[in-house]
Amino acid sequence: MVKLYGVPASNYYSCVKTVLLEKNITFEEIIQLPGQNDELLSRSPMGKVPFIETDNGFLSETNVIYDYIEETYPTPALYPADLFAKSKTKEVIRIVELYLDAPARRHLGKVVFGETLNETAYNEVRPIIKKGLNAFINMAKFAPFVMGEEFSYADIASIFHIGFANFHTRDIYGWDITETHPEIGNYLEHVSKREPVAQVMSGMEKSLIELIESLK
Ligand SMILES: N[C@@H](CCC(=O)N[C@@H](CS)C(=O)NCC(=O)O)C(=O)O
């Protein structure tokens, strides 16, 4: 049985959990904080979560996990069969990870852990996220899903990483992406009604609120 390690408050963990639910794969969740101890590093070389345990061993890095799961459990498919369309799907995933999640993550210390505002990040992050959002809007079809008619890994990454970015921009800049970009707001509202997404999202939000409260 697949074992999923990580914390429900994590957007990356939420992506992998959604994939497992979408594909009806039986799995066990094991709470694991990120860290740098040797045992963890032998399972997840960067000490990050999520990672999974398979019959063959441990695997980290969400994109790698997507590819492994897709080949191991091909139905329902979450990538298009066509190579170019599949590559475009991966392009969107990279954009939301690198230009929405990663810059927003620079505010994680302040927003989640109550640290002081990083002034450099304050000035640098907003324009990067604006560019990332432009790129995303130019690529997304919203018909009704990001890549068109089929729900895919691009939706899973977009839902959780844009949600993560918005959680930070609202707090730091008073900037709600779903208001400045209503096409994204409408898309997120529609897709978050999907059963596995709704289930994972509510667990993630609950866990995030509990984490923030516990740190106060
Ligand atoms: N590139 C990683 C990113 C995962 C990631 O950033 N996970 C966060 C939790 S949401 C983490 O483990 N952070 C701890 C750290 O960066 O050391 C992936 O695709 O899985």
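Values in this document were obtained by computation on a predicted structure and should not be read as measured data.

**Quick look at the overall build of the chain**
Moving on, step 1. Assigned secondary structure in the chain consists of 10 helices and four strands.
Moving on, step 2. Ordering the α and β elements of the chain from the N terminus gives β-α-β-α-β-β-α-α-α-α-α-α-α-α.
Moving on, step 3. In terms of overall size, the chain behaves like a compact globule, its C-alpha atoms giving a radius of gyration of 17 Å where 216 residues would be expected to give roughly 17 Å.
Moving on, step 4. C-alpha extents for the chain along the principal axes are approximately 45 × 45 × 25 Å.
Moving on, step 5. Counting only residues that meet the buried cut, the chain has 46% of its 216 residues in that class.
Moving on, step 6. Counting every atom, the chain has about 11000 Å² of accessible surface; 53% of that belongs to carbon and sulfur.
Moving on, step 7. Side-chain charges of the chain comprise 21 positive and 30 negative groups, with the mean position of each set lying 4 Å from the other.

**Re the site of the ligand**
Moving on, step 1. Near the ligand you find Ser10, Asn11, Tyr12, Pro34, Lys48, Val49, Glu61, Thr62 and Arg105, and these make up its full shell.
Moving on, step 2. Lysine 48 is positioned with one of its side-chain polar atoms (N or O) 2.8 Å from an oxygen atom of the ligand.
Moving on, step 3. Bound to the protein, the ligand loses 76% of the 510 Å² it would expose on its own.
Moving on, step 4. Considering only residue class, the shell around the ligand consists of three nonpolar, three polar and three charged.

**What to know about the environment of asparagine 11**
Moving on, step 1. Tracing the backbone through its elements, the reader meets asparagine 11 in helix α1 (residues 11-22).
Moving on, step 2. Taking the C-alpha atoms as reference points, asparagine 11 and alanine 140, 129 residues apart in sequence, are found 20 Å from one another.
Moving on, step 3. Among all residues touching asparagine 11, those that are not within four sequence positions of it are Asp101, Arg105, Phe160, His161, Phe164 and Met204.

**Regarding helix α9 (residues 182-191)**
Moving on, step 1. For α9, the complete set of buried residues consists of Ile184, Gly185, Tyr187, Leu188 and Val191. With its buried residues spanning 165° around the axis, α9 presents them on a single face.

**Focus: the packing of aromatic side chains**
Moving on, step 1. Considering all chains together, one arrives at nine aromatic pairs under this definition.
Moving on, step 2. Measuring from centroid to centroid gives 4.7 Å for tyrosine 66 and tyrosine 153, while their planes differ by 35°, and the two rings are tilted. Separated by 87 residues along the polypeptide, tyrosine 66 in helix α3 (residues 62-72) and tyrosine 153 in helix α7 (residues 153-173) bring together distant segments of the chain. For the residue pair tyrosine 66 and tyrosine 153, the accessibility class agrees, reading buried in each case.
Moving on, step 3. Members of the aromatic cluster, joined through ring pairs, are Tyr5, Phe51 and Phe58.

**Here's the deal with the packing of helix α6 (residues 119-139) against α7**
Relative placement of two packed helices is described by the angle separating their axes and the distance separating the axes.
Moving on, step 1. Relative orientation of the contacting elements α6 and α7 amounts to 145°, with a least axis distance of 12 Å. Like other packed secondary-structure pairs, α6 and α7 cross with a definite hand, here left-handed. In this structure, α6 contributes Ala121, Tyr122, Val125, Arg126, Ile129 and Phe136 to the contact, and α7 contributes Ser158, Ile162, Thr169, Ile172 and Tyr173.
Moving on, step 2. When grouped by side-chain class, the residues that make up the contact of α6 with α7 number eight nonpolar, two polar and one charged.

**Quick word on the domain arrangement of the chain**
Interfaces are frequently sized by the accessible area removed from exposure as the parts join.
Moving on, step 1. Under the domain assignment used here, the chain contains domain 1 (2-72) and domain 2 (83-214).
Moving on, step 2. Just the C-alpha atoms count here: the centres of domain 1 and domain 2 sit 20 Å apart.
Moving on, step 3. Tallying the contact residues gives 18 residues for domain 1 and 21 residues for domain 2.
Moving on, step 4. Together, the buried faces of domain 1 and domain 2 total about 1700 Å²; carbon and sulfur atoms form 61% of this surface.
Moving on, step 5. If you look at where domain 1 meets domain 2, you find two salt bridges.
Moving on, step 6. One salt bridge in this structure joins aspartate 67 and lysine 90, with 3.0 Å as the shortest N-O distance.
Moving on, step 7. There are 10 residue pairs in polar contact (both at pLDDT 80 or more) connecting domain 1 and domain 2.
Moving on, step 8. Elements supplying a minimum of two residues to the side of domain 1 that touches domain 2: α1 and α3.
Moving on, step 9. Among the elements that make up the side of domain 1 that touches domain 2, the one with the highest residue count is α1 (nine residues).
Moving on, step 10. Of the residues contributing to the side of domain 1 that touches domain 2, the split by class is eight nonpolar, five polar and five charged.

So, how was this worked out
- The residue numbering used here restarts from 1 in each chain and proceeds along that chain's sequence as written.
- The predicted nature of this model means local features are confined to residues of pLDDT at least 70 and side-chain atom pairs, given and counted, to a pLDDT of 80 or more, with totals for whole chains, interfaces and linings taken over all residues.
- Hydrogens and water are ignored here; the side-chain numbers use all heavy atoms of the structure.
- Numbering of helices and strands runs from the N terminus, with a helix taken as a DSSP run of H or I at least four residues long and a strand as a DSSP run of E at least two residues long.
- Throughout, radius of gyration means the C-alpha value; the globule benchmark is 2.2 Å times the number of residues raised to the power 0.38.
- Here the term buried applies to any residue with accessible area under 20% of the maximum for its type, exposed to any over 50%, and partly exposed to those in between, with areas from a 1.4 Å probe on protein chains only.
- Areas reported as accessible are Shrake-Rupley estimates using a 1.4 Å probe. Residue values count occlusion only from the protein chains shown.
- Only four residue types enter the tally: Lys and Arg on the positive side, Asp and Glu on the negative side; His and the chain ends are excluded.
- To locate a charge, take atom NZ for lysine, CZ for arginine, CG for aspartate or CD for glutamate.
- Only heavy atoms are used to decide nearness, and a residue is near a molecule or strand if one of them lies within 4 Å of it.
- Polar contacts, as used here, are pairs of N or O atoms within 3.5 Å; protein pairs need one atom able to donate a hydrogen and one able to accept it. Residues neighboring in sequence count only if both atoms are side-chain atoms.
- When residue character is reported, Ala, Val, Leu, Ile, Met, Phe, Trp, Tyr, Cys and Pro are called nonpolar, Asp, Glu, Lys and Arg charged, and the others, Gly included, polar.
- By definition in these notes, contact holds between two residues if any of their heavy atoms fall within 4.5 Å.
- Starting at the helix axis, one direction is taken to each C-beta atom, and the arc is that of these directions.
- We call Phe, Tyr and Trp rings a pair once their centres come within 6.5 Å, taking the six-membered ring for Trp, and we label the pair stacked below 30 degrees between planes, edge-to-face above 60, and tilted otherwise.
- A fitted line through C-alpha atoms represents every axis, and for helices the fit uses only the stretch in contact; the resulting angles, taken between N-to-C directions, go from 0 to 180 degrees.
- Note on convention: near helix rotated counterclockwise from far helix by under a right angle means a left-handed crossing. Clockwise means right-handed.
- Those domain boundaries reflect an automatic or database domain assignment.
- As used here, buried area is the combined drop in accessible area, with a 1.4 Å probe, of two parts when they are placed together.
- Salt bridges are defined by distance alone: a side-chain nitrogen of Lys or Arg within 4 Å of a carboxyl oxygen of Asp or Glu.

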